[in-house]
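Observations on the three-dimensional arrangement
Residues per chain are reported as follows:
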Amino acid sequence: MPSKCKTRERLASDTPDIPELPVGAIRGNLCFRCFSPTDKILKCGACRRAGYCSAECQKLDWKIVHKNHCKIFKTINELEEQQYQTTRTWSEYSSYILETVRSIRDAAPSDEVLRFVVQAQPYCATCRRSAVQLFNRKISLKRCGDCKLVFSCAECTTTPTHSQAICTAYQNYAAVEAFRIDFFEDTGKASPVTCTQFPLEERKFLKDAKQGWYDYFVKISDKQQIEPVIKPDFSGVTEIVGQVGTAEEREQPERMRMFLLCATDNLTMPLTILSALEDIEYSKPSLNIHLVGATGREFLALANFEEILHLNPSLKTLNITAAGPHSWAGDKASPYVPSMNLDCCPVCKSEGRTRSIASYRGVYHDFAASSNFAKPDLVVLFNSGWVDGDDAEKDWAPTIKLLVDQNVPALFTTYNQSEARHEELKLMGMNVKFVVEPEKNKWRGLVPTPEFIDEEYGMWYQNEYRYLIQGKL
Ligand SMILES: [Zn+2]
Ligand SMILES: [Zn+2]
Ligand SMILES: [Zn+2]
Ligand SMILES: [Zn+2]
Ligand SMILES: [Zn+2]
């Protein structure tokens, strides 16, 4: 019985390192509280969106989370009923979801779980009626026996719902979620620290890693032992491992593969930064970075940022300032948290390397106008969505203008190509100089994660596209 997941919020910290609510839970395979898989999920009778393995988990979840959510879900269910159609196209369904998620964001801006439960809700893949709408009409909803994440209602069973490729992608994703839950149960951590253990004697360049992550792990970092386990294209366990040996012997390499896959999601930030430093040929001994629009994700990845020092050992000082509406805030009156030192490994310490983090809660152009601001060497915006997001005009436009006017190197990443393209067009209109034009990021996270709004069965990757700008042409 998973015990750490069950009480995960009790890890005290500003950004507790706990697994997110799995898609498997929202789609009714896993308990909302302890994340264990169960065939017989007990649904909350009031909202029918949260489900549990036991009355005990339900009680506990009510106390910790669900009492704040249940009523809101009920309101959303009523709205769904008003919008009821016997069948919806994907574009009708996705614009409905987008509208709903926006209104939830307005009501509860910081509650990502609330939005996610609605966004990823179960629905019939053919008529696109939601689980709640079907339940109200006593029409049953059957899940795909293989991926368990796609559904068909009793009135639509004759139509094939999703392709084999999509089913496989969803099965892979479910395996990643299961691994993350296991890993958290084992270690009490949701995001593994997977840096190169000690600083390299001599700098190694990421641009020399021709085979991307594989070369990084084997030739640059210190994980040579994975060579026989992973294929260079990272596609899976080698055939040899797959064919011989007992199930138990096969399980070990599979866990290793999952671990490395999840490690790419944690290392994508520092490696994307390191690669940008190579692009601008940065070689000073001290580096000041501003992480703009930083969220919990950036704070959780901080331990892995030591990798910037480890791969580039002539760098002695790394100062990071995170700024954004979701960054840490200071004492009551101040949005600014002065710089604090972060721990380094013993070798870094003995060789005099230091790293620090400061934080500003608020939009970046306000930070830039404050007395705590100093111009950085590099500005980084991970998956900011500054053109496509709801806050594009109000919050982002003045920040982007400031970055361009300051003539500072600015690294951007996006979730996908179309987002990168939108941002590129906007910047071209501003006559901005591209140091690196939008391209697929070699150091994107390798975990394909389903998304539920843009594209039916779409998948996104951490920092999938990247580009680098500095000033104007
Ligand atoms: Zn449970
Ligand atoms: Zn409920
Ligand atoms: Zn249907
Ligand atoms: Zn399936
Ligand atoms: Zn170190």
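Each chain has its residues counted from 1, following the order in which its sequence is written. Both sets of labels track the order of writing: A upward for chains, 1 upward for ligands. Owing to the predicted nature of the model, reporting of local features is limited to residues with pLDDT of at least 70; listing and counting of side-chain atom pairs is limited to 80 or more, with chain, interface and lining totals taken over all residues.

**Let's talk about the overall build of the protein**
- Think of it this way: any DSSP run of H or I at least four residues long counts as a helix, any run of E at least two long counts as a strand, and we number them from the N terminus. Looking only at helices and strands, the protein has 15 helices and 14 strands in total.
- The globule rule puts the C-alpha radius of gyration for 473 residues at 23 Å, and the 23 Å found for the protein is close to it.
- Seen through its C-alpha atoms, the protein measures out along the principal axes to roughly 65 × 60 × 40 Å.
- Counting other C-beta atoms within 10 Å of its own, a residue is labelled buried from 20 upward, exposed at 12 or fewer, and partly exposed in the gap between, with every C-beta atom placed from the backbone. In the protein, buried positions account for 38% of the 473 residues. Throughout, radius of gyration means the C-alpha value; the globule benchmark is 2.2 Å times the number of residues raised to the power 0.38.

**Quick notes on the domain arrangement of the protein**
- The domain boundaries here were taken from an automatic or database domain assignment. When the domains of the protein are assigned, the result is domain 1 (8–183), domain 2 (186–262) and domain 3 (267–472).
- Spacing between the C-alpha centres of domain 2 and domain 3 amounts to 26 Å.
- Listed by partner, the interface residues are 19 residues for domain 2 and 23 residues for domain 3.
- Those elements that provide at least two residues to the side of domain 2 that touches domain 3 are α7 (213–220) and α9 (247–279).
- Gly falls in the polar group here, along with every residue not listed as nonpolar (Ala, Val, Leu, Ile, Met, Phe, Trp, Tyr, Cys, Pro) or charged (Asp, Glu, Lys, Arg). In terms of residue class, the side of domain 2 that touches domain 3 is made up of twelve nonpolar, four polar and three charged. Throughout, a pair of residues is in contact if the C-beta atoms placed from their backbones lie within 7 Å.

**Considering helix α4 (residues 112–119)**
- For α4, the complete set of buried residues consists of L114, V117 and V118. Mapping the buried residues of α4 onto a view down its axis gives an arc of 95°, with all of them on the same face.
- Buried residues along α4 sit against α1 (23–26), α2 (55–82) and α3 (90–107). Throughout, the arc means that of the directions going from the helix axis to the C-beta atoms.

**Points about the nonpolar core**
- Any set of buried Ala, Val, Leu, Ile, Met, Phe, Trp, Tyr and Cys residues joined through C-beta atoms within 7 Å is what this text calls a nonpolar core. Counting residues in each nonpolar core, the largest one holds 64 residues, and the members touching the most others are I273, I308, V380, L381 and L411.
- Two domains each put at least three residues into this core: domain 2 (186–262) and domain 3 (267–472).
- Not counting chain neighbours up to four residues away, the residues in contact with L411 comprise I273, A276, L378, V380, R466 and L468.
- Grouped together as the second largest cluster of nonpolar side chains are 31 residues, Y52, C57, V117 and F184 included.

**Some details on the confidence of the model for the protein**
- A residue's pLDDT is the predictor's confidence in that residue, given on a scale from 0 to 100. For the protein, per-residue confidence averages 90 on the pLDDT scale, and 95% of positions sit at 70 or higher.
- Long-range and interchain partners of residues 237–243, a stretch whose pLDDT sits below 50, account for twelve contacts in this model, where long-range means more than four residues apart.

**As for the UniProt feature "domain: MYND-type" (unreviewed entry) in the protein**
- Here the UniProt feature "domain: MYND-type" (unreviewed entry) sits at residues 31–70.
- For residues 31–70, the end-to-end C-alpha separation is 16 Å, with 40% helix and 10% strand making up the annotated structure. UniProt positions are given in the numbering used here, feature names are shortened, and annotations may be inferred rather than shown by experiment.

**Side note on the sheet that holds strand β7 (residues 336–342)**
- The pairing criterion is simple: DSSP has to find at least two bridges between the two strands. Pairing in this open sheet of eight strands is mixed, and the strands run β7-β8-β6-β5-β9-β10-β14-β11 from one edge to the other. The sheet terminates laterally at β7 and β11 (432–440), the two strands that pair on one side only. Sheet twist, expressed as the average angle between the axes of neighbouring strands with direction ignored, equals 20°.
- Strands in contact with helix α14 (residues 392–406) are β5 (286–292), β9 (378–381), β10 (410–414), β11 and β14 (465–472); relative to β14, the strand with the most contacts, it is inclined by about 60°. Comment: axis = line fitted to C-alpha atoms, over the contacting stretch for helices; angle = value between 0 and 180 degrees taken between N-to-C directions.

**Here we look at the environment of Q224**
- With respect to the helices and strands, Q224 occurs in the loop between α7 and α8 (239–243).
- Residues Q224 and Y214, ten residues apart in the sequence, show an inter-C-alpha distance of 9.7 Å.

**As for α7**
- Listing the buried residues of α7 in full gives W213, Y216 and F217. Projected down its long axis, α7 shows its buried positions confined to an angular sector of 90°, all on one face.

**Section: the packing of α3 against α4**
- Contact geometry of α3 with α4 gives a least axis separation of 10 Å together with a crossing angle of 165°. The orientation of α3 with respect to α4, classified from their angle, is roughly antiparallel. α3 and α4 meet at a crossing whose hand is right-handed. In this structure, α3 uses I97, T100, V101, I104 and R105 to contact α4, whose residues at the interface are L114, R115, V118 and Q119.
- For the contact of α3 with α4, the residue count by class is five nonpolar, two polar and two charged. Our angle categories are set so that under 35 degrees counts as roughly parallel, over 145 as roughly antiparallel, 65 to 115 as roughly perpendicular, and the remainder as oblique. Left-handed is the label given to a crossing in which the near helix is rotated counterclockwise from the far helix by less than a right angle, and right-handed is the label when the rotation is clockwise.

**Digging into unusual backbone geometry**
- Here R128, not a glycine, exhibits a phi torsion of approximately 60°, which is positive.
- Secondary-structure assignment places R128 in the loop between α4 and α5 (131–136).
- In this structure R128 comes out as buried when scored by C-beta crowding, with 21 C-beta atoms within 10 Å.
- For Y457, which is not glycine, the phi dihedral falls at a positive 60°.
- Following the sequence through the fold, Y457 ends up in the loop between β12 (449–450) and β13 (459–460).

**Re the environment of T161**
- Summarising the element assignment, T161 is placed in the loop between β4 (151–153) and α6 (164–187).
- In this structure the C-alpha to C-alpha distance between T161 and F151, which are ten residues apart in sequence, comes to 7.8 Å.
- For T161, the residues in contact, after removing those within four places along its chain, are A125, T126, V150 and S152.

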